[in-house]
Each structure stands twice: as C-alpha cells, then as structure tokens.
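A closer look at the structure
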Amino acid sequence: MYAIEAENLHKSYDDVSVLRGLDLRVPTGQVYGLLGPNGSGKSTLIHLMLGFLRPSQGTLKLFGERDLELVRGRIGYLPERLRYHLRFTAREYLRYLGRFSDLRASELAGRVDDALAIVGLSDVADRVLAAYSKGMLQRFGIAQALLANPDMLLIDEPTSGLDPAGQREMLNLLGELARRNHTIFLATHYLDEIDQLCDTVGILYNGRLAAQIDVSALRVPGSAAVLKVGPLTP
C-alpha cells in the first residue's frame, strides 16, 4: 500500500498556480524527502494532505483513502512555524492536545510520558514552554506529533532556525523515528537532511515532480576517467 498517492494534483490561489499536475507515490514505511526552494509548493502539498486545503484539480489519497477525514488520526504533523501557549508546561500542553484525540485519561497519561521520553524531554516536562530553547520547542513539536501514535509523520522544514547543535539533535531524533518504522514525509531544502534521513528524494520544481531517485544511488562512487593529451601538432 502507498501512504501517499497524488495524481495530476493541482492547487491554485486565485490566478496563481502552485502545484501544476503533481504525480507522487510514497510507499508505507519509507522516509521520503521532498526537496525544493522556498515557494516551490512543499508546504502547500502538506496542507493538502492535512485537509487544510482542497485540491483545485486531481486526486490525493492517503493510505488508499480519498476521504482524508478517515485517516486524520493516523497522521502526525510538525509545522515549520511553531506556535504554542507558552505559559503551560510541556506535560500540561500535551495532555490538553491529547483530549482532541479522544484518548482516555489513563491512556493519555501514558502516551504523554512516552512521547516526552522519545524526544528526550522527560526531565523538563514540568517546565513552562516559555523557558524552552528553540531546539527544545522543536523536539516538543515532535512529541505532539507522536501523541496519537500515528502511522505517518508530515514534517515541514524541521531544522529551520536551529543552530548546528540543534540541527544535529533534530536529525538524530528523526533518524530514531525512522527506525521505529514510521512513514515520514519530509519537506526541506537542505541536502544534508536528505542524505542523512531519506530513502527516496523527489525534487519539486515549477509545481511538478521534476525528478525522483533512490538516495542510496547518490552515494555510489562515481566512475573515473583518465585523459591523456599528447603534444600539439604545429
């Protein structure tokens, strides 16, 4: 089964076309990286998959379903720009969010503890979010995405605004999630994220998938050639 299937997918805002006939398939269990410059439509595609937007034309299916409401609970989302009510502690905020997933109190408490442990925030779970660094807030964002134990994670520019240490922490965390067999769809414009995390990379250009390749093929050493040049004839 494919986690994501898009066929001839279009999305326009008034008279501005962003996606122009996108065809894409992502198998379940894969880490797929979508590479493209800012404004290429990566976030628009994620918002379509979340149901925040509707396609102008074409079809989009997640886990075989065209009605995305049926699979909403199987998807976790980390947005590029995080906005939280910072006066709450991490534990309080996750418990609040968990109520929207209809989790019972006993189950929710365990899910919150598990999510905080996975992202390495257990020791600061009762600290208000206002005291968190940017990197800690980004890891908290992963914790909220994991709360409902989703089958797929949609992650938009996960290292944006982080310092080098924070970037390493985030990439290590996402690598651990990949080893837990989550399907991960990663929108980025950083090649090192693709190289470290992804099984497959697609390049989004002019609203279409311009190219797609197995990342392992990019690591194969290139062939060498020796060019011999003799004396020039007068």
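Before reading further, recall that the structure is shown in the block above.
1. Notes on helix 4 (residues 134-146)
- In a regular helix each residue adds 1.5 Å, so 13 residues correspond to 18 Å; helix 4 covers 19 Å between its end C-alpha atoms and thus fits that length.
- Of all 13 residues in helix 4, 11 are buried; the element is thus mostly enclosed.
- All buried positions along helix 4 are accounted for by Gly 135, Met 136, Leu 137, Gln 138, Arg 139, Phe 140, Gly 141, Ile 142, Ala 143, Ala 145 and Leu 146.
- The inward-facing, buried residues of helix 4 contact strand 5 (75-78), helix 2 (90-98), helix 3 (105-118), strand 6 (152-156) and helix 5 (164-179).

2. With respect to the side chain of Lys 42
- Considering the arrangement of structural elements, one finds Lys 42 in helix 1 (residues 42-50).
- Residue Lys 42 is classed as buried on the basis of its relative accessible area, which comes to 5%.
- Setting aside chain neighbours within four positions, we find Lys 42 in contact with Leu 34, Leu 35, Gly 36, Pro 37, Glu 157, Ala 187, Thr 188 and Leu 204.

3. Comments concerning the sheet that holds strand 7 (residues 183-188)
- On the basis of which strands lie adjacent, the open sheet formed by six strands has the order 5-6-7-3-8-9 and mixed pairing. Every interior strand has two partners, whereas the edge strands, strand 5 and strand 9 (208-214), have only one. Sheet twist, expressed as the mean angle between neighbouring strand axes with direction ignored, is 15°.
- Note: strand 3 (residues 31-35) against strand 8 (residues 200-205), four bridges, orientation parallel. The residue of strand 8 that forms the bridge with Leu 34 is Gly 202.
- Along the sheet, helix 5 makes contact with strand 3, strand 6 and strand 7, crossing strand 7 at roughly 150°.

4. Examining the packing of helix 2 against helix 3
- Running from amino to carboxyl end, helix 2 crosses helix 3 at an angle of 130°, the nearest separation of the two axes being 10 Å. By the angle between their axes, helix 2 is oblique relative to helix 3. For the element pair helix 2 and helix 3, the recorded crossing hand is right-handed. Contacts from Ala 90, Arg 91, Leu 94, Arg 95 and Gly 98 in helix 2 reach Leu 108, Ala 109, Val 112, Asp 113 and Leu 116 in helix 3.
- Split into classes, the residues belonging to the contact of helix 2 with helix 3 amount to six nonpolar, one polar and three charged.

5. Observations concerning the nonpolar core
- Among the nonpolar cores identified, the biggest contains 41 residues, and Leu 121, Leu 129, Tyr 132, Phe 140, Ile 142 and Ile 155 are the most heavily contacted of them.
- Among the secondary structure elements, those contributing two or more residues to this core are strand 3, helix 2, helix 3, helix 4, strand 6, helix 5, strand 7 and helix 6 (191-197).
- Considering each element in turn, this core owes the most residues, seven residues, to helix 4.
- Beyond its immediate chain neighbours, meaning those up to four positions away, Leu 129 contacts Tyr 84, His 85, Leu 86, Phe 88, Thr 89, Ala 90, Tyr 93, Leu 137 and Phe 140.
- In this structure, Leu 9, Leu 19, Leu 34 and Leu 50 belong to the second largest nonpolar core, which totals 28 residues.

6. Points about the sheet that holds strand 2 (residues 16-27)
- The strand order 2-1-4 describes an open sheet built from three strands, whose pairing is antiparallel. Of all strands in the sheet, those bounded by a partner on one side alone are strand 2 and strand 4 (57-62). Taken over all neighbouring pairs, the strand axes of this sheet differ in orientation by 15° on average, direction set aside.
- Relative to strand 4, strand 1 (residues 2-13) runs antiparallel, the two sharing five bridges.

7. Let's talk about the side chain of Arg 91
- Residue placement: Arg 91 occurs in helix 2.
- Among the polar contacts made by the side chain of Arg 91, one reaches the side chain of Asp 113 at a distance of 2.7 Å.
- Reaching out from Arg 91, the side chain makes a polar contact with the side chain of Asp 126 at a distance of 3.0 Å.
- Setting aside its immediate chain neighbours within four residues, Arg 91 contacts Val 112, Asp 113, Leu 116, Ala 125 and Asp 126.

8. Describing the pairing of strand 7
- Among the six residues that make up strand 7, six are buried, leaving the element largely enclosed by the rest of the structure.
- Burial along strand 7 is two-sided: Thr 183, Phe 185 and Ala 187 facing one way and Ile 184, Leu 186 and Thr 188 facing the other are all buried.
- In this sheet, strand 7 lies alongside strand 3 in parallel orientation, the contact comprising five bridges. In the sheet register, Gly 33 faces strand 7, and the bridge partner there is Leu 186.
- In terms of strand pairing, strand 6 meets strand 7 through five bridges, oriented parallel. Bridge pairing links Asp 156 to Ala 187 in strand 7.

Calculation criteria
All residue numbers refer to positions counted from 1 along the written sequence of the respective chain. At least 70 in pLDDT is required for a residue's local features to be given in this predicted model, at least 80 for side-chain atom pairs to be given and counted, and no such filter applies to totals for whole chains, interfaces and linings, which use all residues. The basis for every side-chain value is the complete set of non-hydrogen atoms in the structure, without hydrogens or water. Secondary structure elements follow DSSP: runs of H or I of four or more residues count as helices, runs of E of two or more count as strands, with numbering from the N terminus. Helix span, expected: 1.5 Å multiplied by one less than the number of residues in the helix. Note on classification: 1.4 Å probe, protein chains only; a residue is buried when its accessible area is under 20% of the maximum for its type, exposed when over 50%, partly exposed between these limits. By definition, residues are in contact when any of their heavy atoms lie within 4.5 Å. We treat two strands as partners when DSSP finds at least two bridges between them. Axis geometry follows a simple rule: fit a line to the C-alpha atoms, using only the stretch in contact for helices, then measure angles between N-to-C directions, giving values from 0 to 180 degrees. Angle categories are assigned with fixed cut-offs, so that under 35 degrees is roughly parallel, over 145 is roughly antiparallel, 65 to 115 is roughly perpendicular, and the rest are oblique. Crossings are classed by handedness, with left-handed meaning an anticlockwise turn of the near helix from the far one by less than a right angle and right-handed meaning a clockwise turn. Under the scheme applied, nonpolar residues are Ala, Val, Leu, Ile, Met, Phe, Trp, Tyr, Cys and Pro; charged residues are Asp, Glu, Lys and Arg; polar residues are all the others, including Gly. In this description, a nonpolar core means a group of buried Ala, Val, Leu, Ile, Met, Phe, Trp, Tyr and Cys residues linked to one another through side-chain atoms lying within 4.5 Å. Polar contacts here mean pairs of N or O atoms no more than 3.5 Å apart (in protein, one a potential hydrogen donor and the other a potential acceptor; neighbouring residues in sequence count only if both atoms are side-chain atoms).

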